[in-house]
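Residue-level listing of the chains:
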Amino acid sequence: MARSEPRVEARAAAAHGACLDPPPRPGSSGRPRLLLLLLLLLLLLWPAFLRSAAAAAAARAPEPDQPFRVPAGWRSLGRVAPAEQLSLTFALRQRNVERLSELVRRVSSPDSPDYGHFLSLAEVSSFVSPSPLTLGSVEKWLAAHGVWDCQKVSTLDFLQCSVPASTAEQLLPGAQFHRYEKDARRVIRSPLPYLLDPELVDHVDFVGGLHRFPAERKVVSRAWAAEKSPSGGDGRSSFHLGVTPAVLRQRYNLTHVDAGNFSRNSQACAQFLEQYFHPADLAEFMQLFGSKFPHRSQVDQVVGPKGSGSAGIEASLDVEYLMSTGANISTWVFSNAGRHESQEPFLQWLLLLSNTSGLPWVHTVSYGDDEASLSQAYMKRVNIEFMKAAARGLSILFA
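These lines cover the structure that appears in this document, whether it is placed above or below.

So, how was this worked out
Residues numbered from 1 in each chain as written. Predicted model: local features only at pLDDT ≥ 70, side-chain atom pairs only at ≥ 80, totals over all residues. Heavy atoms only, no water. Helix = DSSP H or I, 4+ residues; strand = E, 2+ residues; numbered from the N terminus. Buried < 20%, exposed > 50% of the residue type's maximum accessible area, 1.4 Å probe, protein only. Contact = heavy atoms within 4.5 Å. Salt bridge = Lys/Arg side-chain N within 4 Å of Asp/Glu carboxyl O. Pairing = 2+ DSSP bridges. Axes fitted to C-alpha atoms, helices over the stretch in contact; angles between N-to-C directions. Parallel < 35°, antiparallel > 145°, perpendicular 65-115°, else oblique. Left-handed = near helix turned anticlockwise from the far one by under 90°. Nonpolar A, V, L, I, M, F, W, Y, C, P; charged D, E, K, R; others polar. Phe/Tyr/Trp six-rings, centres within 6.5 Å; stacked < 30°, edge-to-face > 60°. Disulfide = S-S within 2.5 Å. Expected span 1.5 Å × (residues − 1). Polar contact = N/O pair within 3.5 Å; in protein donor to acceptor, adjacent residues only side chain to side chain.

## Brief notes about the overall build of the protein chain
Then comes step 1: Counting its regular elements, the protein chain contains twelve helices and twelve strands.
Then comes step 2: For the protein chain, buried positions account for 40% of its 399 residues.
Then comes step 3: Across the protein chain, every contact between residues at least 6 apart in sequence was considered, and the portion connecting residues at least 24 apart equals 80%.

## Looking at the pattern of salt bridges
Side-chain pairs of opposite charge can arise where the charged atoms are in close proximity.
Then comes step 1: Per the counting criterion, the structure on display carries 15 salt bridges.
Then comes step 2: Here Glu385 and Lys388 are joined by a salt bridge, their closest N and O atoms 2.8 Å apart. Of this pair, Glu385 and Lys388 both sit in helix H12 (residues 376-391), three residues apart, roughly one helical turn.
Then comes step 3: For Lys388, a relative accessible area of 3% corresponds to the buried category.

## A word on the pairing of strand S2 (residues 85-92)
Looking along a regular strand, one sees side chains alternate from face to face of the sheet.
Then comes step 1: Summarising burial for S2: seven of the eight residues are buried, a large majority.
Then comes step 2: As paired elements, S2 and strand S4 (residues 158-164) share seven bridges and run antiparallel to each other. Among the inter-strand pairings, Thr89 is bridged to a residue of S4, identified as Gln160.

## Focus: unusual backbone geometry
Note on backbone geometry: most residues besides glycine have negative phi, and most peptide bonds are trans.
Then comes step 1: Of note in the backbone geometry, Asn96 takes a positive phi value of approximately 60° without being a glycine.
Then comes step 2: Its location among the elements puts Asn96 in the loop between S2 and helix H3 (97-108).
Then comes step 3: Phi at Asn328 takes a positive value of approximately 65°, unusual for a residue other than glycine.

## Considering the sheet that holds strand S6 (residues 185-189)
Sheets are built from strands that pair by backbone hydrogen bonding, the pairs being arranged parallel or antiparallel.
Then comes step 1: Ordered by their spatial adjacency, three strands build an open sheet running S1-S5-S6, and the pairing between neighbours is antiparallel. Strands with a single pairing partner mark the edges of an open sheet, and in this sheet they are strand S1 (75-79) and S6. Looking at each pair of strands side by side, their axes are set apart by 25° on average, direction ignored.
Then comes step 2: As paired elements, strand S5 (residues 178-182) and S6 share five bridges and run antiparallel to each other. Counterpart to Glu181 in the pairing with S6 is Arg186.

## Focus: the packing of helix H9 (residues 279-289) against helix H10 (residues 313-325)
Then comes step 1: Orientation of H9 relative to H10, taken along the N-to-C sense of each, is 40°, at an axis distance of 10 Å. Relative to H10, H9 is oriented oblique. Crossing of H9 against H10: the hand is right-handed. In this structure, H9 uses Asp281, Leu282, Phe285 and Met286 to contact H10, whose residues at the interface are Val319, Glu320, Tyr321, Met323 and Ser324.
Then comes step 2: Looking at the contact of H9 with H10, its residues break down into six nonpolar, one polar and two charged.

## Concerning the packing of aromatic side chains
Then comes step 1: As enumerated under the stated definition, the model contains ten aromatic pairs in all.
Then comes step 2: For the pair Phe90 and Trp141, a centre-to-centre distance of 5.9 Å together with 90° between the ring planes defines the contact as edge-to-face. Remark: Trp141 occurs in helix H5 (residues 132-144) and Phe90 occurs in strand S2; sequence separation between them is 51 residues.
Then comes step 3: Judged by its relative accessible area of 6%, Trp141 falls in the buried class.
Then comes step 4: Plain terms: the ring middles of Phe346 and Trp349 are 5.6 Å apart, the flat faces sit at 45° to each other, and that makes the pair tilted. Of this pair, Phe346 and Trp349 are both found in helix H11 (residues 345-353), three residues apart, which corresponds to roughly one turn of the helix.

## Details of the state of the cysteines
Then comes step 1: Per the stated rule, a full pass over the model turns up one disulfide.
Then comes step 2: Residue pairing for Cys150: its cysteine sulfur links by disulfide to Cys161, the two sulfurs lying 2.1 Å apart. Its S-S torsion of approximately 110° makes the covalent link between Cys150 and Cys161 right-handed. Placement of Cys150 in strand S3 (residues 150-152) and of Cys161 in strand S4 is noted, with a sequence separation of eleven residues between them.
Then comes step 3: By relative accessible area, which is 22% here, Cys150 ends up partly exposed.
Then comes step 4: The class of Cys161 is buried, set by a relative accessible area of 1%.

## Section: the sheet that holds strand S7 (residues 204-208)
Then comes step 1: Overall, antiparallel pairing links the four strands, which are arranged S3-S4-S2-S7 in an open sheet. Two strands lie at the open edges of the sheet, namely S3 and S7, each paired on one side alone. For this sheet, the mean inter-axis angle between neighbouring strands, taken without regard to orientation, is 20°.
Then comes step 2: With respect to the sheet, H11 is in contact with S2, S4 and S7, its orientation differing from that of S4 by roughly 130°.
Then comes step 3: Packing of H12 onto the sheet brings it into contact with S2, S4 and S7, and relative to S7 it is tilted by some 100°.

## Considerations on H12
Then comes step 1: Helix length check: H12 (16 residues) gives 23 Å between terminal C-alpha atoms against 22 Å at 1.5 Å per residue, within 8%.
Then comes step 2: For H12, the set of buried residues is Ala377, Tyr378, Arg381, Val382, Ile384, Glu385, Met387, Lys388, Ala389, Ala390 and Ala391.
Then comes step 3: Downstream of H12 by a residue or two, Gly393 has a phi angle that is positive, lying close to 90°.

## Some words on the side chain of Thr331
Then comes step 1: Tracing the chain through its elements places Thr331 in strand S10 (residues 330-336).
Then comes step 2: Judged by relative accessible area, which is 1%, Thr331 ranks as buried.
Then comes step 3: At 3.0 Å, the side chain of Thr331 forms a polar contact with the side chain of Gln267.
Then comes step 4: Among the polar contacts listed, one links the side chain of Thr331 to the backbone oxygen of Ile329, at a separation of 2.9 Å.
Then comes step 5: Every residue in contact with Thr331, bar those within four places of it in the chain, is listed here: Gln267, Val299, Asp300, Gln301, Leu322 and Met323.

These results come straight from atomic positions and should not be treated as a statement about function.
Put into structure tokens, the structure is as follows:
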């Protein structure tokens, strides 16, 4: 009997234990509460998430095809300080673009009754200037972000604003502004694409000062450096001047009477990438090579910075040979170095054309961009800017 007592106690204990809950696992008591808190937090944040997703979907990338690569030779010096001032150029949507194209065809075609009936800058402005809705929407948007320091061109279709980097990145979500350096040049650009507020989709073509790097300088070589002439009897190589103004004037059958004789004749050249000419060099060049034809030894007007230091070879040749073939004609020089690291020199020149009345009739430009480095929005807008110039009777020659 004494041996059976433990079995009875064991059965009783088992029966009693079967009615008890299993012992709780460590930490399992707070899990339902944590899941409940997470669910409540999700419910609270869900509307904000939906609004953010809707805004991102509605926002537009104005230049989705713009290549976002840093050209060879440029190195990043890091992001700019949030308070650093940047210069952004807003290309506002223009009106009557199709009509402008037709107008240019009429005033440029000799068989058209409107041939030569060019428009003034004020008439071009009234033709293509943005609508009041576009102007008001952009100005309201900028004011909401505290941006007031803006300048308009005469045609009202470009707006150039000075803004802190932090504000610029708020205006253009996705953009990050970095400073880049190559040799002695520095620029500020964004290596990432930007988005535009959905309210501005129909009012802004693109924003300049974000992606496009300056084009490379052309290498101008001296003809006598490439041609190794046989040495003379004294052991010295003969000196070869290459193509002088006399060679060009002979090639194009220009004589001493082929020179500007009308006061309304005028011409200009545009210089970029911190290339400048020096008046003293021009005067000396004309003294050496201009004795056979009437000529001028100085330009009539320089628009933009005149530069310092030594003259650039390309800039000097542009001015000297323009004034040798277009001899005795009033000449202007547009200097477009890009006064701020975030400006685009070529775009600055286009702004000058849209903001200056009484321009010379003929412009020569020794500058070019790789088409693969440009967006469709940018190229289409540049084409419209050239149509605006053509409507005013301006001729632009590119080399």
